[in-house]
Amino acid sequence: SMASPALLMRVVASAYSVAEKAATIVRNVMAAGDLGIVEKTGANDLQTKADRLVQMSICASLARKFPKVTIIGEEELSSDEVAEELIEDGHCEEILKKTCPAQYTGIKEEELVIWVDPLDGTKEYTEGLLDHVTVLIGIAYGGKAIAGVINQPYYNYEAGADAVLGRTIWGVLGMGAFGFQLTEAPAGKHIIVTTRSHSSTLVNDCISALNPDSVIRVGGAGNKIIQLIEGKASAYVFASPGCKKWDTCAPEAILHAVGGKITDIHGNAFQYNKEVKHMNSAGVLATLRNYDYYASRIPNTVKQSLVP
């Protein structure tokens, strides 16, 4: 008889289906027309009805299946009973069929931390820049991002009425990443992807110092990592605090699963254990290839301004 799949693969398989349910909620809220926008700390820090419903759906669905896993979500929500229609009980059969990497076969529920960003790119969502939006479910073990799911609810939304809307990208360290076509940025080109709505002198000085051929400004950390793994950008540079652990956990696992690298601006790895502070206060530097080229060119003035 088949041994039952390792816990990690069951969690990833569930997270896949939970993320697809989340995408449906995101699209339904938008289609209904009332986004229910709340300003959290200001005009660039928004929360919508979609952020709230999606977080409830993801956290409640995963907690029901994996009660001892720590789940940390972006939004502070009351712990009211979650409506049954928000619960997703399914899993992706294809993921369960894959062999768990040996180093993760013995993991117990209480050793996992799941970092959830229910709607990464909220500001872009409210402005109709729908391809910027992602749902992020990152899975950490021993303080390290080891698996992740990124759903793009509006992938293909401009491709016409017959196009299949949305996609789910997933990956596990030691196994690889799936659901997209891995592509490297054009050789010899320095294309930097950075923030769209959280710019500053520091952010821009850092980018200028890298002497890029072009700069792409988009919303969402999930979206920026997708730009790297699909070869549209060669580096993701954000010389500012503001990015949080739930922004980077899932993207990090997927980027690392295909041989890329993400750190803070000093080159320090991010920590994802449950006690860690939520803010990535020393910014973000990520590449699919040629990490050292970019890391060596970050100005010391920028590094001195960003304290880990």
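Everything numeric here is computed off the predicted structure, so don't read it as measured data.

The rules behind each value
Residues numbered from 1 in each chain as written. Predicted model: local features only at pLDDT ≥ 70, side-chain atom pairs only at ≥ 80, totals over all residues. Heavy atoms only, no water. Domains from an automatic or database assignment. Contact = heavy atoms within 4.5 Å. Buried area = accessible area lost by both parts, 1.4 Å probe. Salt bridge = Lys/Arg side-chain N within 4 Å of Asp/Glu carboxyl O. Polar contact = N/O pair within 3.5 Å; in protein donor to acceptor, adjacent residues only side chain to side chain. Helix = DSSP H or I, 4+ residues; strand = E, 2+ residues; numbered from the N terminus. Core = buried A, V, L, I, M, F, W, Y, C linked by side-chain atoms within 4.5 Å. Buried < 20%, exposed > 50% of the residue type's maximum accessible area, 1.4 Å probe, protein only. Phe/Tyr/Trp six-rings, centres within 6.5 Å; stacked < 30°, edge-to-face > 60°. Lys NZ or Arg CZ within 6 Å of the ring centre and 35° of its normal. 1 Å grid on protein atoms, 1.4 Å probe; cavity = no way out; pocket = protein on both sides within 12 Å on 5 of 7 lines; lining within 4 Å. Points joined across faces, edges and corners; volume = space filled by probe spheres on them. Nonpolar A, V, L, I, M, F, W, Y, C, P; charged D, E, K, R; others polar. Expected span 1.5 Å × (residues − 1). Bend = angle between axes of the 7 residues up to and from the residue. UniProt positions renumbered as here; feature names shortened; annotations may be inferred.

Turning next to the domain arrangement of the protein. Considered domain by domain, the protein is made up of domain 1 (7-178) and domain 2 (191-305). Put simply, the middle of domain 1 and the middle of domain 2, counted by C-alpha atoms, are 21 Å apart. Counting residues at the interface gives 41 residues for domain 1, matched by 30 residues for domain 2. Summing the contributions of domain 1 and of domain 2, the shared interface buries around 2,600 Å²; its carbon and sulfur component is 64%. For domain 1, the biggest contributors to the area lost against domain 2 are W115, H132 and A145; these three give 24% of the whole. Summed over the shared surface of domain 1 and domain 2, the result is three salt bridges. Here E127 and R196 are joined by a salt bridge, their closest N and O atoms 2.5 Å apart. On inspection of domain 1 and its partner domain 2, the count reaches ten residue pairs in polar contact (both at pLDDT 80 or more). Residue assignment for the side of domain 1 that touches domain 2 shows that the elements contributing at least two residues are β3 (70-73), β4 (112-120), α4 (122-126), β5 (134-141), β6 (144-152), β7 (167-172) and β8 (176-178). Sort the elements by how many residues they give to the side of domain 1 that touches domain 2 and β6 lands first, with eight residues.

Right, let's talk about the nonpolar core for a bit. L8, I58, W115, Y125, I137 and Y236 are the most contacted members of the largest nonpolar core, which totals 104 residues. Excluding residues that lie within four positions of it along the chain, I137 makes contacts with A15, V18, A19, I58, L62, I114, W115, A147, G148, V149 and A250.

Taken as a whole, this structure holds six aromatic pairs when the rule is applied. With centroids separated by 6.4 Å and ring planes inclined at 70°, the aromatic side chains of W115 and Y272 adopt a geometry described as edge-to-face. Residue W115 is found in strand β4, and its partner Y272 is found in the loop between β12 (261-263) and β13 (284-287); the two are separated by 157 residues along the sequence. When sorted by exposure, W115 lands in the same class as Y272, which is buried. Look at Y293 and Y294: their rings are 5.0 Å apart centre to centre, the planes differ by 80°, and that puts the pair in the edge-to-face class. The exposure class of Y293 is partly exposed, given its relative accessible area of 28%. Chaining the aromatic ring pairs together yields one cluster made of W115, W246 and Y272. Positioned above the aromatic ring of Y155 is the side chain of R167, whose terminal nitrogen or guanidinium carbon lies 3.8 Å from the ring centre. Across from the ring centre of Y293, 3.7 Å away, lies the NZ or CZ of R297, which sits over that ring.

Here the idea is plain: a probe the size of a water molecule rolls over the atoms and shows the empty space left. The space that makes up the largest pocket amounts to roughly 780 Å³. Around the largest pocket, the lining is made up of 37 residues, and of these E74, H198, G242, K244 and D247 lie nearest the centre. Only β1 (38-42), β2 (45-47), β3, β4, α4, α6 (221-229), β11 (235-238) and α7 (245-257) provide two or more residues apiece to the lining of the largest pocket. Residue composition of the lining of the largest pocket, by class: eleven nonpolar, 13 polar and 13 charged. Two domains each donate at least three residues to the lining of the largest pocket, and these are domain 1 (7-178) and domain 2 (191-305).

In this section: the pattern of salt bridges. Counting across every chain of the model gives ten salt bridges. Linking R167 and E230 is a salt bridge whose minimum nitrogen-to-oxygen distance equals 2.7 Å. Within this pair, whereas R167 is found in strand β7, its partner E230 is found in the loop between α6 and β11, the two being separated by 63 residues in sequence. You can call E230 buried: its relative accessible area is 16%.

Over its 13 residues, α7 extends 18 Å from the first C-alpha to the last, a length consistent with the 18 Å expected when each residue adds 1.5 Å. Of all the bends found along α7, the most pronounced is centred on P251 and spans about 25°. Here α7 has its buried residues at K245, W246, D247, T248, C249, A250, P251, E252, A253, I254, L255 and A257.

The next point concerns the UniProt feature "binding site: Mg(2+)" (unreviewed entry) in the protein. Residues annotated in UniProt with the feature "binding site: Mg(2+)" (unreviewed entry) correspond here to E74, D117, L119, D120 and D247. The annotated residues occupy 174 residues of the chain but converge on a single region, no pair of C-alpha atoms lying more than 9.6 Å apart. Lining the largest pocket, from the residues named above, are E74, D117, L119, D120 and D247. With respect to the helices, strands and loops of the structure, L119 is situated in strand β4. Since its relative accessible area comes to 1%, L119 is described here as buried. Once residues within four sequence positions are removed from consideration, L119 is found in contact with V26, A50, D51, Y125, V133 and T134. Structurally, D247 is set in helix α7. Apart from residues lying up to four places away in sequence, D247 is in contact with D117, D120, L136, A221 and G242. Polar side-chain contacts of D247 include one of 2.7 Å to the backbone nitrogen of K244.

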